[in-house]
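An overview of the molecular structure
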Amino acid sequence: MGQSVSTAKLTSRRDCNRSQRSKSKSTALIGQMQAEEAEEVERNSIDGLSDIISVLPDECLACIFQSLTPGDRKRCSLVCRRWLRIEGQSRHRLSLNAQSDLHPLIPFIFSRFDAVTKLALKCDRRSVSIGDEALAQISEHCRNLTRLKLRACRDLTDAGMLAFAKNCKSLKKLSCGSCTFGAKGMNAVLDHCPALEELSVKRLRGITDGAAAEPIGPGVAAASLKSICLKELYNGQCFGPLIVGAKNLRSLKLFRCSGDWDKLFSLIVDRVTAIVEIHMERIQVSDIGLTAISNCLNLEILHLVKTPECTNVGLGSVAEKCRLLRKLHIDGWKANRIGDQGLIAVAKSCLNLQELVLIGVNPTKISLEMLASNCQNLERLALCGSDTVGDAEISCIALKCIALKKLCIKSCPVSDHGMEAIASGCPNLVKVKVKKCRGVTSEGVEWLRTNRGSLVINLDTGEQLDASASDGGGAQDNGVEFPPMVASQIGAPSIASSSTGRSTSHKLLGLLSGMSLVACTLRRFGNSNGSSQS
């Protein structure tokens, strides 16, 4: 027993000595590492300041945060209390899931994000949305709100919109879709928001039908409104007083809104003289409406999409008087009511035409040759779903369209011979998109690519799934949208969470600008420290 006890004591003493030696070694090692770190910090210090970020002004750090993705911003907010505060105060865009359980969180959310000016409230159509009390509470926290987007907020009523409008009088843009408030709620916004410039309304369910429908507008916002977009409204003509009263209106877009719009256009043109853009899609309008529109002498952009009652006569009236027309989109729906006669009128009068999109229209070489000869500024041309555009027509375009930069051909009887014509013409052509043209083969496109190496070519034979096709199916199958050609034409991004819709180039530019601002700030601090030491 004694021997075992002494052995245990000896073992314990050895373990203790070994532990002390290891502790001393680790302490020495840690001390050495700390010394090395201290030397490195001293070497990297700038004017004795070991933390470079801490000397940056809040505005500079906020600029850096604005160049990051939403995920990176969230991670940065977890670094320290200062970063959390600056990230919240520098966030001007916010997108929230507007379900009913958002209500109790509103004070906490907007106490942190107290500088929000652009807000999106979106709810799943299957869920219960926030109500009037929640919207009123949000408006109390965001009195400087300039943009609001409401999606599927079905529990909002006229009372909630009235409370919101009274608090957010600086509102400049309102977009609402699939909501259930009615004319009184819309009039509340128009009566209390004198700075409103853009209004977009889609599927507003609370508007009363028939003779009992309450007119909307004009209100105090009529003087500032510049853009009105109405989509899928069963009784969209309730907005007639607003449209007629918006004297400074520049853009009017009507999508699938029932009613006879000819009479309203006759009233609009007498009072709204500054309008430059009109977009009509699947609405009841005829040559009478187009003749009225022709009195808008400043008109630059016209879209006629699936309006079968519009013919060459109406288009000719517009072309004759609206000589400033730059963009013309026509979807004839293969009704053959707009063709050579109307396009020839455009070619004779609209010499500033830069963009022409023809879908379901059957132009011939006669009208295309005149357009190519007279419209010397034509840069973007799309021919879709035409039975008459073949190799001869493409050859004419290749020969005559000197300024053409982008060409789209879709579902037309064009073959490889047309591609050969493009190879020898259109000296300024940058991009060609060919879709579902059975006569065009990959060999013909490859030949074109070989002879025009700088040309961007997009071929889709229609055999594989078209990734760029719209989800709307056949109704949008021939849809064509040209991106802006210059940076000055790029529109403002839609309401979303911070940095959501930015491209990589925009993020890079933002990051570079933030870096340059950091560099300038550091130089400023360095100079100020140097002068104070001297």
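The shown structure was predicted, so the numbers you read here are calculated from the model rather than taken from an experiment. (Residues numbered from 1 in each chain as written. Predicted model: local features only at pLDDT ≥ 70, side-chain atom pairs only at ≥ 80, totals over all residues. Heavy atoms only, no water.)

Brief notes about the packing of helix 14 (residues 365-374) against helix 15 (residues 391-400)
Two elements in contact, helix 14 and helix 15, have axes separated by 9 Å at closest approach and are oriented at 10 degrees. Considered as vectors, helix 14 and helix 15 are oriented roughly parallel to each other. Together, Lys-365, Leu-368, Glu-369, Ala-372 and Ser-373 of helix 14 and Glu-393, Cys-396, Ile-397 and Lys-400 of helix 15 make up the contact between the two elements. (Axes fitted to C-alpha atoms, helices over the stretch in contact; angles between N-to-C directions. Helix = DSSP H or I, 4+ residues; strand = E, 2+ residues; numbered from the N terminus. Parallel < 35°, antiparallel > 145°, perpendicular 65-115°, else oblique. Contact = heavy atoms within 4.5 Å.)

Section: the nonpolar core
Membership of the largest hydrophobic core comes to 124 residues, with the highest contact counts inside it found for Leu-119, Leu-121, Leu-150, Met-186, Phe-239, Phe-265 and Met-280. Counting seven residues, the second largest nonpolar core, distinct from the first, contains Leu-68, Cys-76, Trp-83 and Ile-86. (Core = buried A, V, L, I, M, F, W, Y, C linked by side-chain atoms within 4.5 Å. Buried < 20%, exposed > 50% of the residue type's maximum accessible area, 1.4 Å probe, protein only.)

Quick notes on the pairing of strand 11 (residues 355-359)
Walk down a regular strand and you will see the side chains alternate between the two sheet faces. Taking burial as the measure, the five residues of strand 11 include five buried ones, the bulk of the element. Burial along strand 11 is two-sided: the face carrying Glu-355, Val-357 and Ile-359 and the face carrying Leu-356 and Leu-358 are both buried. As paired strands, strand 10 (residues 327-331) and strand 11 are joined by five bridges and run parallel to one another. Note on strand 11: the bridge partner recorded for His-329 is Val-357. Crossover handedness for the path strand 10 to helix 13 (residues 340-349) to strand 11: right-handed. Here strand 11 runs beside strand 12 (residues 380-384); their pairing, made up of five bridges, is parallel. Note that in strand 12 the partner of Glu-355 across the bridge is Arg-380. Tracing the backbone out of strand 11, into helix 14 and back to the parallel element strand 12 gives a crossover that is right-handed. (Pairing = 2+ DSSP bridges. Right-handed = clockwise from strand over helix to strand, strands pointing away.)

A closer look at the packing of aromatic side chains
Applying the stated criterion to the full structure yields zero aromatic pairs. Here the guanidinium or amino end of Lys-231 rests over the ring plane of Phe-255, the centre of that ring lying 5.0 Å away. (Phe/Tyr/Trp six-rings, centres within 6.5 Å; stacked < 30°, edge-to-face > 60°. Lys NZ or Arg CZ within 6 Å of the ring centre and 35° of its normal.)

Looking at the pattern of salt bridges
Inspection of the entire model under this criterion finds 11 salt bridges. A salt bridge links Glu-355 to Arg-380; the nearest nitrogen and oxygen atoms lie 2.6 Å apart. Of this pair, Glu-355 sits in strand 11 while Arg-380 sits in strand 12; the two residues are 25 residues apart in sequence, bridging distant segments of the chain. Taken as a pair, Glu-355 and Arg-380 share a single burial class, namely buried. In the salt-bridge network here, residues are joined through shared partners; they are Arg-203, Glu-232, Arg-256 and Glu-281. (Salt bridge = Lys/Arg side-chain N within 4 Å of Asp/Glu carboxyl O.)

Concerning the confidence of the model for the protein chain
A low pLDDT means the predicted coordinates there should not be read in detail. For the protein chain, the average pLDDT comes to 81, and 76% of its residues sit at 70 or higher. pLDDT under 50 marks residues 22-30. Its contacts with residues more than four places away, or in other chains, come to zero contacts. Scored below 50 in pLDDT, residues 485-534 shows 60 contacts in the model against residues more than four places distant or in partner chains. (pLDDT = per-residue confidence, 0-100.)

Remarks on the environment of Ala-134
Note that Ala-134 resides in helix 6 (residues 132-141). Along the sequence, Ala-134 and His-103 sit 31 residues apart, while their C-alpha atoms lie 5.4 Å from each other. In contact with Ala-134, other than residues within four places in its own chain, are His-103 and Ile-106.

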